Amino acid sequence: MTNLKIIKAKRAGFCFGVKRAVELAFKSAKKSKGVYTLGPLIHNPQVIEKLSSEGVHPTENIDDKNINTLIIRTHGIPLQLHEMLKKKSFTIIDATCPFVKKAQQYAKLLSSEGYQVIIFGDEKHPEVIGLISYSGDDTIVLNSNSNIIKLKKKRVGVIVQTTQPANLFREFISKLVKDVKELKVFNTICNSTALRLNETKNIAQKVDLMIVAGGKNSANTTQLATFCRLSVPTYHVETAEEIQNDWFKQVSTVGITAGASTPEWIINEIEERIRYIGGNGDNGYPR
Ligand code: SF4
């Protein structure tokens, strides 16, 4: 099994928003003690562990007296909660992704202009829960499986959860347009997820095996693995240690991709391990 060819996705790993949030967290840890994140910063156990070893811990309890600095995650939080946090004595570091912030501003704008706001997305997702707080009491959350219910106002404004697939959003808008007199749409989709998925699908069609790196609890990593499995045998791993030599028997080309919450060091370790296996037969990996 020498000369194993590796194709690594250029967009593997942290998206802009996650990179920014993780950097802010590590920087805060250097500056002060008592740094907490409001819920786990990202869905990657290894990064959470690393943050924890530097003194950044997740918490759900905003009354915890140990908090000196509280970091808000990329998904953002509801406006009311933000107001509550401002009254506390600790420092707030807002790591809400700027793309999510933009969606929050559009939600507020639509509501202030008298539109009934529809959010296209998952009503249980923290980002959507945050958006609702900006868009008024008559906001409704719909997804591609929802029937368009009777709307209260003739003027309807739409925003979309940043990670929703663009094709489903387009279909939704074309259905909705038939039922409303006036429609204002802000396309707040962040294309980072779609670009990563497209690149991954392309690679999966060219290789014998795909390795997808990222937290087992990460929805976008799991989605990447699901799409890869449609084309090729695929393993979803969190670390290089999980990779087994047997997987590469009769494999000449392997693809590597990773979710938006997977750090570069894990992707590099995985690549290194595959290169080792590819260059050394089945002799194992130095542990
Ligand atoms: S996927 Fe897009 S919107 Fe979400 S955190 Fe990353 S850059 Fe921001």
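Residues numbered from 1 in each chain as written. Predicted model: local features only at pLDDT ≥ 70, side-chain atom pairs only at ≥ 80, totals over all residues. Heavy atoms only, no water.

Brief notes about the sheet that holds strand β3 (residues 56-59)
In plain terms, the rule: What makes two strands pair is DSSP finding at least two bridges between them. Think of it this way: any DSSP run of H or I at least four residues long counts as a helix, any run of E at least two long counts as a strand, and we number them from the N terminus. Angles shown run from 0 to 180 degrees and are taken between the N-to-C directions of axes, each axis being a line fitted to C-alpha atoms and, for helices, limited to the stretch in contact.
In spatial order, the strands read β3-β2-β4-β5; together these four strands make up an open sheet with parallel pairing. Pairing within the sheet leaves two strands with one partner each, and these edge strands are β3 and β5 (91-94). Direction aside, neighbouring strands of the sheet carry axes that sit 30° apart on average. Across four bridges, strand β2 (residues 35-38) lies against β3 in parallel orientation. Note on β3: the bridge partner recorded for Val35 is Val56.

Brief notes about the pairing of strand β6 (residues 116-120)
How we decide: Partly exposed residues are those whose accessible area sits between 20% and 50% of the maximum for their type, while under 20% is buried and over 50% is exposed, using a 1.4 Å probe and protein chains only.
Among the five residues in β6, five count as buried, and that is most of the element. What you see with β6 is no split at all: Gln116, Ile118 and Phe120 on one side and Val117 and Ile119 on the other are buried throughout. Bridge count for β6 against strand β8 (residues 155-160) is five bridges, and the pairing is parallel. Opposite Val117, over in β8, you have Gly157 as the bridge partner. Looking at chain direction, β6 and strand β7 (residues 140-142) are connected through three bridges and run parallel. What sits directly across from Ile119, in β7, is Val141.

Concerning the domain arrangement of the protein chain
A common measure of how large an interface is: the accessible area buried when the components associate. In plain terms, the rule: Domain boundaries shown here were taken from an automatic or database domain assignment. We call two residues in contact whenever any of their non-hydrogen atoms come within 4.5 Å of each other. Using a 1.4 Å probe, buried area is obtained as the accessible area two parts lose upon being combined, added over both of them. Put simply, a salt bridge is a Lys or Arg side-chain nitrogen that is within 4 Å of an Asp or Glu carboxyl oxygen. Any pair of N or O atoms that falls within 3.5 Å is considered a polar contact. Within protein, one atom must be able to donate a hydrogen and the other to accept it, and sequence-neighbouring residues count only if both atoms are side-chain atoms. Throughout this entry, Asp, Glu, Lys and Arg are counted as charged residues, while Ala, Val, Leu, Ile, Met, Phe, Trp, Tyr, Cys and Pro are counted as nonpolar. The remaining residues, Gly among them, count as polar.
Taken as a whole, the protein chain is organised into domain 1 (5-13 + 192-279), domain 2 (16-96) and domain 3 (99-185). A straight line from the C-alpha centre of domain 1 to that of domain 2 covers 29 Å. Between domain 1 and domain 2, the residue contacts involve 12 residues of the former and eight residues of the latter. The largest per-residue losses of area from domain 1 upon contact with domain 2 belong to Asn217, Ser261 and Trp265, which jointly make up 51% of the total buried on that side. Inspection of the region where domain 1 meets domain 2 yields zero salt bridges. Between the two partners, domain 1 and domain 2, sit three residue pairs in polar contact (both at pLDDT 80 or more). Across the side of domain 1 that touches domain 2, the residue classes tally to four nonpolar, seven polar and one charged.

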